[in-house]
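# Secondary and tertiary structure notes
Now for the letters of each chain:
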Amino acid sequence: MPLHIQPKKQTRPLVIIPAYNEEDSIAGVIAGIRTHLNDVDIVVVNDCSTDDTGQVATQAGAIVLHMPYNV
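About the cut-offs
- Residues numbered from 1 in each chain as written.
- Predicted model: local features only at pLDDT ≥ 70, side-chain atom pairs only at ≥ 80, totals over all residues.
- Heavy atoms only, no water.
- Salt bridge = Lys/Arg side-chain N within 4 Å of Asp/Glu carboxyl O.
- Helix = DSSP H or I, 4+ residues; strand = E, 2+ residues; numbered from the N terminus.
- Buried < 20%, exposed > 50% of the residue type's maximum accessible area, 1.4 Å probe, protein only.
- Pairing = 2+ DSSP bridges.
- Axes fitted to C-alpha atoms, helices over the stretch in contact; angles between N-to-C directions.
- Contact = heavy atoms within 4.5 Å.

### Some thoughts on the pattern of salt bridges
By the definition in use, this model includes two salt bridges. With its nearest N and O atoms 2.8 Å apart, the salt bridge here joins R12 to D39. Residue R12 is located in the segment before β1 (14–19), and its partner D39 is located in the loop between α1 (26–36) and β2 (41–46); the two are separated by 27 residues in the primary sequence. On the accessibility criterion, R12 (42% relative accessible area) is partly exposed.

### So, the sheet that holds β2
Read from one edge of the open sheet, three strands run β1-β2-β3, paired in parallel fashion. At either margin of the open sheet sits one strand with a lone partner, and together these are β1 and β3 (63–66). Adjacent strand axes in the sheet meet at a mean angle of 20°, parallel and antiparallel pairs treated alike. Pairing of β1 with β2 involves six bridges; the strand directions are parallel. Within the sheet, the bridge partner assigned to L14 lies in β2 and is D41.

### Quick notes on the environment of T53
By the secondary structure assignment, T53 is in helix α2 (residues 53–59). For T53, a relative accessible area of 0% gives the class buried. Measuring from C-alpha to C-alpha, the distance between T53 and V29 comes to 12 Å, with 24 residues separating the pair along the chain. Beyond its immediate chain neighbours, meaning those up to four positions away, T53 contacts A19, N21, E22, E23, I26 and N46.

Structural measurements only, silent on function.
This is the structure in structure tokens:
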């Protein structure tokens, strides 16, 4: 019986950025990461910001996870 080897699935690096009230800088951080590592997934953990951090990060192309309260 021949041995069937599954091809490896290609994986992508994941960059996780915790953020609290960083609407003024988060887009620049995401752009800077993309400048050096353009084939990565970026997740911003929005730590219950009271500003527009989550919206700005989403517009900059990141996946945003919203914490229900600040930790």
